[in-house]
Amino acid sequence: MPQTLPKDLSLYRPNVGIMLLNKEGKVFVAQRLDSPGPAWQMPQGGIDEGEDYQTAALRELEEETSIAHVDILKESDGWYFYDLPPELQGKIWGGEYLGQRQKWFLMRYLGADSDINLETIHPEFSAWKWVAPSELISLAVPFKVEIYQALVEDFLPRDT
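The present account deals with the structure reproduced in this document. Because the structure is a prediction, the values reported are computed rather than measured. (Residues numbered from 1 in each chain as written. Predicted model: local features only at pLDDT ≥ 70, side-chain atom pairs only at ≥ 80, totals over all residues. Heavy atoms only, no water.)

## Observations regarding the environment of W130
Here W130 lies in strand β8 (residues 125–131). Classification of W130 by relative accessible area gives buried; the value is 14%. Between the C-alpha atoms of W130 and V27, which are 103 residues apart in sequence, the distance is 5.2 Å. Filtering out sequence-adjacent residues up to four positions away, W130 remains in contact with L20, L21, N22, K26, V27, F28, Y109, D113 and I116. (Helix = DSSP H or I, 4+ residues; strand = E, 2+ residues; numbered from the N terminus. Buried < 20%, exposed > 50% of the residue type's maximum accessible area, 1.4 Å probe, protein only. Contact = heavy atoms within 4.5 Å.)

Next up, the structure:
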């Protein structure tokens, strides 16, 4: 469930995130290039000035992974927020933000794995894989765990 709004939205960078599922219901994750250790995440990125959320999500997905053939299954009702760890605050995004506010999309991948290409114009990832939703939380960096837990609950059906 999207979180309560912080007092000052201007301290949170507007962003979109994509939970991408394959035909088997596994989730796409990729290893960040700029991390010395394991840092798997779902695709995400900033929203350009005047850009609508869906367009931003589709653009970011293609820019980061070359993935263009998807069905949009769901858009989050509200925003999800996370704070950067103190050691990163003031160092990325020009030091302007404490963290990000994210509009998330659930999408189904319609292409072939062979179409996925991380060697893009501005590469962000070194590797990718499909994981079971139950693995997603254990792969997330600590400051994204709450969001990933909420997304699994909000976007994916529960087994009965």
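## Focus on the pattern of salt bridges
Pairs can form between side chains of opposite charge once their charged atoms are near each other. Tallied over the entire structure, the rule returns seven salt bridges. A salt bridge links D34 to R32; the shortest N-O distance between them is 2.9 Å. Residue classification places D34 among the exposed positions, given a relative accessible area of 57%. Notably, a salt bridge pairs R59 with E63, separated by 3.2 Å at the nearest N-O pair. (Salt bridge = Lys/Arg side-chain N within 4 Å of Asp/Glu carboxyl O.)

## A word on the packing of aromatic side chains
On inspection of all chains with the given rule, the structure shows eight aromatic pairs. Look at W128 and W130: their rings are 6.1 Å apart centre to centre, the planes differ by 85°, and that puts the pair in the edge-to-face class. Three or more aromatic residues joined by ring pairs form one cluster here, namely F28, Y109, W128 and W130. Geometry around W79 places R101 over its ring, the cationic atom sitting 5.0 Å from the centre. The ring centre of W79 lies 5.8 Å from the NZ or CZ of K103, which sits over that ring. (Phe/Tyr/Trp six-rings, centres within 6.5 Å; stacked < 30°, edge-to-face > 60°. Lys NZ or Arg CZ within 6 Å of the ring centre and 35° of its normal.)

## Topic: helix α3 (residues 145–155)
For the α-helix, the turn length of 3.6 residues means that residues three or four positions removed from each other point alike. Within the sequence span of α3, burial applies to I147, Y148, A150, L151 and F155. Each buried residue of α3 lies within a common arc of 160° when the element is viewed along its axis, so the set occupies one face. For α3, the elements touching its buried residues are β1 (12–21), β3 (40–41), β5 (70–75), β6 (80–83), β7 (99–109) and α2 (133–139). (Arc of directions from axis to C-beta.)

## Quick word on the nonpolar core
L20, F28, L61, I67, V70, M107 and Y109 are the most contacted members of the largest nonpolar core, which totals 21 residues. Residue assignment for this core shows that the elements contributing at least two residues are β1, β2 (27–32), α1 (53–65), β7 and β8. Contact partners of F28, with chain neighbours within four places excluded, come to L20, Q41, M42, P43, T65, I67, I116, W128, K129 and W130. L21, V27, V131 and I147 belong to the second-largest nonpolar core, a separate cluster that totals 20 residues. (Core = buried A, V, L, I, M, F, W, Y, C linked by side-chain atoms within 4.5 Å.)

Worth remembering: the numbers are spatial, not functional.
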